[in-house]
Amino acid sequence: MRPPGRLSASVDDRPATPTGSLAIELRKVSKWYGDFQVLREVDLEVHRGERIVVCGPSGSGKSTLIRCINRLEEHRSGTIWVEGEELTSDLRRIEKIRSEVGMVFQSFNLFPHLTVLDNLCLAPQWVRRLPRAEAERNALALLARVKISEQAMKYPGQLSGGQQQRAAIARALCMNPRIMLFDEPTSALDPEMVKEVLEVMSELAEQGMTMMVVTHEMGFARAVADRVVFMDEGEIVEDAPPEEFFSNPRSERTRQFLSQILDH
Amino acid sequence: MARGESDAAREARPGAWRERLASLVFDPRVRGIALQAVLVVAIVAFAYEIVSNVTDNLARQQIASGFGFLERTAGFDISQRLIAYSNTMTYGRAFLVGLTNTLLVAGLGIVLATFIGFAVGIARLSSNAVISSLAAIYIEVLRNIPPLLMLFAIYFAVLKGLPDPRNSVVLPFSSYINVRGLTVPKPLMAPGFDAFAIAVLIGLGLVAALAIWSRRHRLATGRTAPVVPLAVAILLGAPAAAYAVAGMPFTFEAPTLGRFNVTGGLTLLPELVALTTGLTLYTAAFIAENVRSGIEGVPKGQTEAAAALGLSRAQAMRLVIVPQALRIIVPPLTNQYLNLTKNSSLAVAIGYPDLVSVFSGTILNQTNQAIEVILITMAVYLVLSIATSLLMNWFNARMALVER
């Protein structure tokens, strides 16, 4: 076990800069919903410790892309490796990869019948087989880091949206994941609660967590991302560091998208 | 009405009383009270008319009234008795025999239908096409057949096909199956029985302690211990050991196969088997649908969140989905329990001695006291149903989600 109270996975044993081996690798990944092709031969490399922001118009396949990485969606062709393990239909391998990859959803998806503390302890107890006392200690430390310690004994229905999303982030971190996936984590929040969630995410990024974030928060992308990936019609159209992405996008589609979301 | 007018000024104005009357007529509170008063008067008048009519008719036909008949001797036999009864006992005693027989069928039916219903409901959602279509066929066939017809099918088509007593099927331990039921040896208490009973209780206590220990052990270490085989060993071993040590504290009365019948022993009536099976299978089909819709009513995001944390499908079902589905399942489940209890009165059609068959059937015929008998029977079902509802509501309240 890594020491409790750390927000992220250990940084010491893996490089924080994109020089180490790959955390996520996608080769020619395609997927269809019926006749509609949502992903078109997507190639993507994410290095350990890298922060990737994925953006694009709705229906561009960005959510599908990150949901393929922990196999909430099954890709039809191509290959996905997560931490060197290939994603196949082998259930044991999928469960192992899922326990190494944390996910945060747009609609929080906390378990409403459990207290916040039990939400955080559930997977460590049943998947990692941790003693309750240890799971609780880690959970309380993480709740302190996302600044909702006083909510531990409450039920999700008693929390505000921002508090629920921070609890959901803490729940994912309880499994000590190597990679965190965020699927539009602030889209369901009231504007005044977006900031508190983004702060937690920025703090996580500072500690060297490998992150893939689907979001329209361009301020967050500019400040935190190592690379911004722009998707349209199931393809990666642009993949560049934020300064280049915002000041000098290569493709016309990226320029159009940026002008739509930035000029208003 | 002008603004700023004082009350006194309004009083003094001509036509003010008419305005006040109008405001009373159009006041929803006043209207509500008036309507209810009218309704109460109408109902009381109707009830009075019925009661006086009935008393007149009874007096004219010279039928006795009152509950004195419960003390009179019944004079008829009942084929299945859970409590001591003979035909020299009272109608009141016969009523209790019928009531316990109804409770037996309802209790057995509710427990069995719940297990089968949950199993079929979960099977209905299986990703295995064979399993889910078998479950679908079960549900669609069984819930669309009238329950009375099902009882006839099981009782007349299946159980009446068993051999007559002379040609009984002989099973090990001198047990017999024939058209009159399954007869097994009957245990008779002997000295030393107390010690045996205590051993059984100790065994149950040990299993409960084991369950508590296993939970503590899991919380303390995170590992689950394989306690189920141990529990089964204790449950079977403790009575067996006590039976041997206490020197066989009870003996068995073996049934004997006579020329026309099997005498002695304990007999499981085919009527009980048919009624329990029919009600169970029929109700389980409805419960299965409740379970399916309850599970489907849990948002998909819950399954995804559980999967994303690395929980297996079975763990997600047990720890996340079913606990949330229960609050959707329990209210309609209560209805099914009530239906099963009330449907048990179909017993009369195949001759199982339930409350309706014994009390509203035989006793009503013998005493002619229709009103008292029917009222008591209705009151019994009402009490049973309300008790079931209260219990299930209490359970449902415990399941409810905490919101702000």
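Residues numbered from 1 in each chain as written. Chains lettered and ligands numbered in written order. Predicted model: local features only at pLDDT ≥ 70, side-chain atom pairs only at ≥ 80, totals over all residues. Heavy atoms only, no water.

Visitor: Sorry if this is basic, but what is going on with the packing of helix α11 (residues 313-343) of chain B against helix α13 (residues 370-399) of chain B here?
Guide: The description of two packed helices rests on the angle between their axes and on the distance between the axes. Residue and element names in this part refer to chain B. Close contact between α11 and α13 brings their axes to 10 Å; oriented N to C, the two are set at 175 degrees. Here α13 runs roughly antiparallel to α11, going by the angle between their axes. Of α13, the residues touching α11 (which contributes Pro323, Leu326, Arg327, Val330, Pro331, Leu333, Thr334, Tyr337, Leu338, Thr341 and Lys342) are Tyr381, Leu384, Ser385, Thr388, Ser389, Met392, Phe395, Asn396 and Met399. (Axes fitted to C-alpha atoms, helices over the stretch in contact; angles between N-to-C directions. Helix = DSSP H or I, 4+ residues; strand = E, 2+ residues; numbered from the N terminus. Parallel < 35°, antiparallel > 145°, perpendicular 65-115°, else oblique. Contact = heavy atoms within 4.5 Å.)

Visitor: In this structure, what is going on with the environment of B:Ala379? I would like to understand it.
Guide: Residue and element names in this part refer to chain B. Relative to the helices and strands, Ala379 is located in helix α13. Looking at Ala379, the relative accessible area reads 36%, which means it is partly exposed. Taking C-alpha positions, Ala379 is 42 Å from Ser133, a pair spaced 246 residues apart along the chain. (Buried < 20%, exposed > 50% of the residue type's maximum accessible area, 1.4 Å probe, protein only.)

Visitor: Teacher, can you tell me more about the pattern of salt bridges here?
Guide: A side chain with one charge may pair with a side chain of the opposite charge, provided their charged atoms come close. One pass over the structure, following the stated rule, counts 33 salt bridges over all chains. When salt bridges that share partners are traced, they join A:Lys31, A:Arg67, A:Glu73, B:Lys300 and B:Glu304 into one network. (Salt bridge = Lys/Arg side-chain N within 4 Å of Asp/Glu carboxyl O.)

Visitor: Explain the environment of A:Leu117 here, please?
Guide: Residue and element names in this part refer to chain A. Looking at the element boundaries, Leu117 is found in helix α3 (residues 116-126). Once the C-alpha coordinates of Leu117 and Ala135 are considered, the two residues, 18 residues apart in sequence, prove to be 9.5 Å apart. Dropping the residues within four chain positions of it, Leu117 is found in contact with Arg132, Glu136, Ala139, Leu140, Ala152 and Met153.

Visitor: I keep staring at the interface of chain A and chain B and nothing clicks. Help me out?
Guide: Bring the parts together and some accessible area is lost; that lost area is often taken as the interface size. Tallying the contact residues gives 32 residues for chain A and 29 residues for chain B. For the pair chain A and chain B, the summed buried area comes to about 2600 Å², and 60% of that belongs to carbon and sulfur atoms. Looking at the side of chain A facing chain B, the largest losses of area belong to A:His113, A:Trp126 and A:Arg129, adding up to 26% of the total buried there. Summed over the shared surface of chain A and chain B, the result is one salt bridge. (Buried area = accessible area lost by both parts, 1.4 Å probe.)

Visitor: Sorry, what's going on with the state of the cysteines here?
Guide: Covalent bonding between the sulfur atoms of two cysteines defines a disulfide. Residue and element names in this part refer to chain A. Following the criterion strictly, the structure yields zero disulfides over all chains and no others. Here Cys55 is not cross-linked by a disulfide; its sulfur's nearest cysteine counterpart is in Cys68, at 18 Å. You can call Cys55 buried: its relative accessible area is 0%. Look at Cys68 and you get buried, because its relative accessible area is 0%. (Disulfide = S-S within 2.5 Å.)

Visitor: Where do I start with the sheet that holds strand β10 (residues 235-240) of chain A in this structure?
Guide: Backbone hydrogen bonds are what pair the strands of a sheet, in a parallel or an antiparallel way. Residues and elements named next belong to chain A. In spatial order, the strands read β6-β7-β8-β3-β9-β10; together these six strands make up an open sheet with mixed pairing. Two strands in the sheet have a free side with no partner beyond their single neighbour: β6 (101-104) and β10. For this sheet, the mean inter-axis angle between neighbouring strands, taken without regard to orientation, is 15 degrees. Relative to strand β8 (residues 210-214), strand β3 (residues 51-55) runs parallel, the two sharing four bridges. What sits directly across from Val54, in β8, is Val214. Here helix α2 (residues 91-100) sits on the sheet and contacts β6 and β7 (179-183); the angle it forms with β6, its principal contact strand, is near 65 degrees. (Pairing = 2+ DSSP bridges.)

Visitor: Hey, could you run me through the sheet that holds strand β3 (residues 181-184) of chain B in this one?
Guide: Residue and element names in this part refer to chain B. Read across the open sheet, the four strands follow the order β1-β2-β3-β8; overall the sheet is antiparallel. This sheet does not close on itself; its edge strands, each paired only once, are β1 (169-171) and β8 (266-268). Adjacent strand axes in the sheet meet at a mean angle of 20 degrees when their direction is disregarded. Where β1 and strand β2 (residues 175-178) come together, three bridges link them in antiparallel fashion.

Visitor: Mind showing me how you'd approach empty space enclosed by the protein here?
Guide: A water-sized probe rolled over the atoms picks out the places where empty space is left. The tally for this structure, following the rule as stated, stands at four cavities of 30 Å³ or more. As a volume, the second largest cavity reaches approximately 70 Å³. Of all elements in the fold, only α2, β6 and α5 (161-173) of chain A together with α10 (300-308) of chain B reach the threshold of two or more residues within the lining of the second largest cavity. Looking at the lining of the second largest cavity, its residues break down into ten nonpolar, two polar and two charged. (1 Å grid on protein atoms, 1.4 Å probe; cavity = no way out; pocket = protein on both sides within 12 Å on 5 of 7 lines; lining within 4 Å. Points joined across faces, edges and corners; volume = space filled by probe spheres on them. Nonpolar A, V, L, I, M, F, W, Y, C, P; charged D, E, K, R; others polar.)

Visitor: Teacher, can you tell me more about the confidence of the model for chain B here?
Guide: Caution is warranted with low-pLDDT regions, since their predicted coordinates should not be read in detail. Scored by pLDDT, chain B has a mean of 86; 94% of the residues are at 70 or more. If you check the scores for this complex, the pTM reads 0.78 and the ipTM reads 0.88. (pLDDT = per-residue confidence, 0-100.)

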